[in-house]
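Survey of secondary and tertiary structure
In case you want the letters, here they are:
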Amino acid sequence: MAVDPIPAELLYRACDLSPFEFKTTAELEDLPGLAGQERVLEALRFGTAIRRHGYNLFVLGPEGAGKHEAVTSFLADVAVRERAPSDWVYVMRFAAPNRPIVLELAAGSAAALKEGMARLIDDLKVTVPGALESEEYQNRRQTIDEEYRERQEQAFEGLRTRAEGQSVALLRTPAGFGLAPVHHGDDHQGEVLKPEEFNALPEAERKRIEGVVQGLQKELADTLEHMPAWEKEHRERLRLLNREVAERLVERAMRELRQRFETMPAARDWLASVATDLVDNAGIFAVVGDVEQQQAVMVQGPMGQPVPLGAINPFRRYEINVIVGTNGVPKKPAASPWKAEPLIDASGYIGGGAPIIYEDHPTLQNLVGRVEHIPQMGALITDFTLIKAGSLHRANGGYLLVDALKLLREPLAWEALKRALRRRKIVIESPGEFMSLVSTVTLEPDPIPLDLKVILFGDRYLYYMLSNADPEFGELFKVAADFEDVVDRESENDLLYARFLAGLCRREDLLPLDRTGVARLVERASRLAEDAEKLSTAVRPIEDLLREADFIARTKEASLITAFHVDAAIDAQIGRADRMREQSLEMITRDIIMIDTEGEKVGQVNGLSILSMGAISFGRPSRITARVRMGLGSARVLDIEREVDLGGPIHSKGVLILSGYLSATFLPEIPFSMSASLVFEQSYGGVDGDSASSAELYALISALAEVPIAQGFAVTGSVNQLGEVQAIGGVNDKIEGFFDICMRRGLTGDQGVLIPAANVKHLMLRQDVVDAVERGMFAVYPVETIEGGVELLMDMPAGTRGADGKFTPGSVYAKAEARLAAFADNQRRYAQQRIDDSGKR
């Protein structure tokens, strides 16, 4: 059952350069965004094509896989062929200013309506005052005024004539009209009698005059009673004159604008109401000093309350608040929303097609919009012009891209998005209204119909958590686009990877790569995938590495990025984040943390674990020890890590599996009588995972058989109850971690690492490890069973059970079984002794 070391050529799979027919990546075309992701491509095609409620998408996959960039690139090709959605504007509802009207316009028409209304108001500001000052208008108004004055004068003139015929004068005083007797037939003809003069008249004359005055006062009262009606009639005639002039001017000014929007029912109806309102409020166009201006012309304020003309711009009521409008300017999309060039223009449109909006800060108001307020005279007021669009408005008719985790972190945002998708309309709500915390009067804008595809991005854990925890999630996000973590490393895919690198170099103005540089990055992608037969789809680390290699190449005044520059960038990345690894190595080499790399010890083995800190991870050996003794009752393996709550559930499961293997392998017909303890020495943090279970089993077998383990070896691999060694993760880091310790202490040629045979295909080791193996100074052994590992570690046959039911004499398993049998005999004798002692008492 001898296990041979792995040949050096299998420790690192170099990239074959023969399929690369290019000299530099400058000769290659860019790679399509979703090459190698056929499952995702099919999901995106389906999700964007089906126009049914609830078929929104969730894009899931590993961090750094370029999900945003790939999906955006796909959507850009789809959206540019789709019809541009309608424009949406808010305008004043003149009958109810606190309930603004939303108008749906043809794509690109919002700007024309806004410009047309502004031009209309500017025209009326000139034409209305001009018409009111024209000779025709002044003549007609003068005629009305003269007729009104003449009517008054005729009424008072007749009364005055009748009064004078009876020696009574009609007088106009500051307090109004009055009647008084006058001199008649003397030198003071027509003068008002003084009180003493009136009293001096004969009584009969006084009574006659009083009767006359009384009759005339009744006539005067009748005349004055008709005055308000005559005034009202005068004002009405002036109003009709002004309306006639205003109707003519408004009709002429709006003719072209109304023809432009005749085919859009919502705009046509609103423009009709505009015409009526302009005619009704034509006085706001009067010049300062005009009679109409001097009247307290009132307009509706932003909250429906009347305010003086000077308190707010009276023409604001005719403005157009463009919520969504296309500018019609084509723009080529960039490959990523994080690049220097914007993905889309300010309106969210690519080349006039459907909008693609990425919402980086998905708060409630950033999604559904908001109503802003301005301070005025100590109060906060608002109107329809202060309604601001959210990303749902801008993406309406197209695609809204949102990071699911960011969305869930924002209060109320997730519920608001689901509510909008369920109702298929956008209702602007403030956080206070959403939670029913405030009840103040505010705007109630018309909702906007919603028709878009929402695409969420997140990892798999988040997707499955939402699927299980939120019943509405499955109803609203029916399409999952699951990115592959890795793709097969084949010649065809290597070339596709080269095209990906070529496109990145062009987009970011990096130096081209030669073939060796491409090969080195392909090999690095395999290392990131932890598999020599796969390439990682996590492109962000490769992008960062390429940028840093470009920096190094430029500092060397090179014209191409080569393998040398890529290696230098890798070393620089490791060096910048290597403090903890160096500190760990130093503590081991100074014997602060006790790790043996030479000699032999019973019940002691070097296990291997991974430490991950941010973007850096490294392997570190740990001393694992085991102690056994006779037990009482059934066999028990004490996991010290678990006893002190430092062991995770997977690690504890691995320890329990050891008991199953030992029970089935040794003394299957006799009750087990062993008590054992296992511990990771100098471990002060949590331990989880089962990758050390094979090392723990070797330590137990060594302690049972009292056969020493060579300390020049380290072990990794999990084990099942059948004794088969199973694959683990992080195999490269683990091997390199133990190699670094041996290298610092000095390689002896007897050192190495035992790994599961299933992990051989995952090996992508550092070049210094491969060189040491080639020189015979270090070795990596593929182990399939515990028996093979026992023979390597203990330099003694593991032993097989023969026809007589016993293990090979002198083998490790024979020694272990003999000791277990001794434990059983001792237990029987101990139990019998206790029975005898009890009988004597």
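Residues numbered from 1 in each chain as written. Predicted model: local features only at pLDDT ≥ 70, side-chain atom pairs only at ≥ 80, totals over all residues. Heavy atoms only, no water.

1. Focus on the overall build of the protein
- Looking only at helices and strands, the protein has 27 helices and 31 strands in total.
- A burial count over the protein gives 49% of its 841 residues as buried.
- Partitioning the intrachain contacts of the protein with sequence separation of at least 6 by distance along the chain shows that 74% fall at a separation of at least 24.
- Surface exposure of the protein reaches about 40800 Å², of which carbon and sulfur atoms provide 51%. (Helix = DSSP H or I, 4+ residues; strand = E, 2+ residues; numbered from the N terminus. Buried < 20%, exposed > 50% of the residue type's maximum accessible area, 1.4 Å probe, protein only. Contact = heavy atoms within 4.5 Å. Areas by Shrake-Rupley, 256 points an atom, 1.4 Å probe, with all protein chains shown as cover.)

2. Overview of the pairing of strand S31 (residues 779-783)
- Counted residue by residue, S31 has four buried out of five residues, so it is predominantly covered.
- Of the strand pairs in this sheet, strand S30 (residues 752-756) and S31 are connected by five bridges, and their pairing is parallel. The residue of S31 that forms the bridge with Leu 754 is Tyr 781.
- In the classification by handedness, the crossover that spans S30, the intervening helix H25 (residues 767-774) and the parallel S31 is right-handed. (Pairing = 2+ DSSP bridges. Right-handed = clockwise from strand over helix to strand, strands pointing away.)

3. Notes on the confidence of the model for the protein
- For the protein, the mean per-residue pLDDT works out to 83, and 82% of the residues sit at or above 70.
- Overall, residues 288-311 carries pLDDT values under 50, and its contacts beyond four positions in sequence, including any with other chains, amount to 43 contacts.
- Contacts for the low-pLDDT stretch residues 328-351, under 50 throughout, to residues beyond four places or in other chains number 52 contacts. (pLDDT = per-residue confidence, 0-100.)

4. Considering the sheet that holds strand S18 (residues 479-482)
- With respect to topology, five strands assemble into an open sheet ordered S9-S14-S17-S1-S18, the strand pairing being parallel. The open sheet terminates on both sides in strands that have one partner only, identified here as strand S9 (356-359) and S18. Each strand of the sheet is rotated relative to its neighbour by a mean of 20°, with strand direction disregarded.
- The sheet contact formed by strand S1 (residues 57-60) and strand S17 (residues 453-458) spans four bridges and is parallel. Bridge pairing in S17 places Phe 58 opposite Leu 456. (Axes fitted to C-alpha atoms, helices over the stretch in contact; angles between N-to-C directions.)

5. As for the layout of surface pockets
- Approximately 1400 Å³ is the volume attributed to the largest pocket.
- For the largest pocket, the lining is made up of 41 residues, of which Arg 524, Arg 527, Leu 528, Ile 570 and Ile 574 are closest to its centre.
- Within the residue set of the lining of the largest pocket, elements represented by two or more residues are helix H17 (515-529), helix H18 (539-555), helix H19 (563-576), strand S23 (616-630) and helix H24 (731-745).
- Counting residues per element, the lining of the largest pocket draws most heavily on H17, which supplies six residues.
- Of the residues that constitute the lining of the largest pocket, the class distribution is 16 nonpolar, nine polar and 16 charged. (1 Å grid on protein atoms, 1.4 Å probe; cavity = no way out; pocket = protein on both sides within 12 Å on 5 of 7 lines; lining within 4 Å. Points joined across faces, edges and corners; volume = space filled by probe spheres on them. Nonpolar A, V, L, I, M, F, W, Y, C, P; charged D, E, K, R; others polar.)

6. Let's talk about the pattern of salt bridges
- If you walk through the whole model with that rule in mind, you get 48 salt bridges.
- The salt bridge involving Asp 733 is made with Arg 527; its shortest N-O contact spans 2.8 Å. Of this pair, Asp 733 sits in helix H24 while Arg 527 is found in helix H17, placing the two residues 206 residues apart along the sequence.
- By relative accessible area, which is 14% here, Asp 733 ends up buried.
- Across the salt bridge formed by Arg 819 and Glu 706, the nearest N and O atoms sit 3.7 Å from each other. With Arg 819 in helix H27 (residues 812-840) and Glu 706 in the loop between helix H23 (693-705) and strand S26 (708-710), this residue pair connects regions lying 113 residues apart in the sequence.
- Relative accessible area serves as the criterion here: at 22%, Arg 819 is assigned to the partly exposed category.
- In the salt-bridge network here, residues are joined through shared partners; they are Arg 527, Asp 578, Arg 581, Glu 582, Asp 733, Glu 736, Asp 740, Arg 744, Arg 766 and Asp 768. (Salt bridge = Lys/Arg side-chain N within 4 Å of Asp/Glu carboxyl O.)

7. Some details on unusual backbone geometry
- One non-glycine residue, Asp 591, lies in the positive phi region at around 65°.
- Using a relative accessible area of 53% as the deciding quantity, one classes Asp 591 as exposed.
- Despite not being glycine, Asp 795 shows a phi value in the positive range, around 50°.
- Here Asp 795 falls in the exposed class, since its relative accessible area comes to 69%.

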